[in-house]
Amino acid sequence: QVQLVESGGGTVQAGGSLRLSCAASRTIFSINDMGWYRQAPGKQRELVAVITSGASTNYADSVKGRFTISRDNAKNTVYLQMNSLKPEDTAVYYCNAKRVHGTIILSNYWGQGTQVTVSS
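Residues numbered from 1 in each chain as written. Predicted model: local features only at pLDDT ≥ 70, side-chain atom pairs only at ≥ 80, totals over all residues. Heavy atoms only, no water.

What is the right way to read the side chain of Thr-77 from this model?
Here Thr-77 is to be found in strand S8 (residues 77–82). Residue classification places Thr-77 among the buried positions, given a relative accessible area of 9%. Among the polar contacts listed, one links the side chain of Thr-77 to the backbone oxygen of Lys-75, at a separation of 2.8 Å. Leaving out residues up to four positions away in the same chain, Thr-77 has contacts with Ser-21, Cys-22, Ala-23, Ile-28, Ser-70, Arg-71 and Asp-72. (Helix = DSSP H or I, 4+ residues; strand = E, 2+ residues; numbered from the N terminus. Buried < 20%, exposed > 50% of the residue type's maximum accessible area, 1.4 Å probe, protein only. Polar contact = N/O pair within 3.5 Å; in protein donor to acceptor, adjacent residues only side chain to side chain. Contact = heavy atoms within 4.5 Å.)

Next comes the structure, spelled out in structure tokens:
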């Protein structure tokens with residue numbers, strides 16, 4: 001079992017930056033995919049960014065060039081650097097960890113979420 005705790009959310013003006021952190025309760029070395037998802041009011045949860053154990057990354061088109069995901073296995077932490085924030089980035093951001101084998105998800109963990117609000 002892995003507990004994930006997010007931090008770093010808050011309110012920022014459009015064009016500003018925030019850095020989210022996700023601390024895992026144990027080593028994430030064996031975790032294949034670490035990711036950030038977000039859910040805005042009235043909308044479905046969507047993938048923002050994911051980073052594999054091999055440090056490959058993938059981003060939603062809406063955040064490419066503005067957000068950067070990284071992971072520090074030594075600190076059991078994943079980060080999401082968010083720059084040039086827009087009001088449409090306002091959402092609850094969730095950290096996610098998956099252990100996978102091929103296309104099979106062996107374990108899937110979620111954090112409690114952190115609110116990001118971008119004012120215009």
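Please clarify how the pattern of salt bridges should be interpreted in this entry.
Side-chain pairing between opposite charges can occur once the charged atoms of the two side chains come close. Using the criterion set out here, one finds four salt bridges in the structure. Where Asp-89 meets Arg-66, a salt bridge forms, and the shortest distance between an N and an O atom there is 2.8 Å. Taken as a pair, Asp-89 in the loop between S8 and strand S9 (91–101) and Arg-66 in the loop between strand S6 (57–59) and strand S7 (67–72) lie far apart in primary sequence, 23 residues in all. The exposure class assigned to Asp-89 is buried, which follows from its relative accessible area of 1%. On the accessibility criterion, Arg-66 (11% relative accessible area) is buried. Each of Arg-38, Glu-46, Arg-66 and Asp-89 takes part in salt bridges that share partners, so that together they form one network. (Salt bridge = Lys/Arg side-chain N within 4 Å of Asp/Glu carboxyl O.)

How should the packing of aromatic side chains be read in this particular structure?
Any aromatic ring pair is given by two values, namely how distant the centres are and how the planes are angled relative to each other. For the coordinates displayed, the defined rule picks out one aromatic pair. Taken together, a centroid distance of 5.0 Å and an interplanar angle of 70° make the contact between Tyr-37 and Trp-110 edge-to-face. Remark: Trp-110 occurs in strand S10 (residues 104–110) and Tyr-37 occurs in strand S4 (residues 33–39); sequence separation between them is 73 residues. Above the ring of Tyr-94, the side-chain terminus of Arg-45 is found at 3.7 Å from the ring centroid. If you follow Arg-45 out to its NZ or CZ, it ends over the ring of Trp-110, 4.6 Å from the centre. (Phe/Tyr/Trp six-rings, centres within 6.5 Å; stacked < 30°, edge-to-face > 60°. Lys NZ or Arg CZ within 6 Å of the ring centre and 35° of its normal.)

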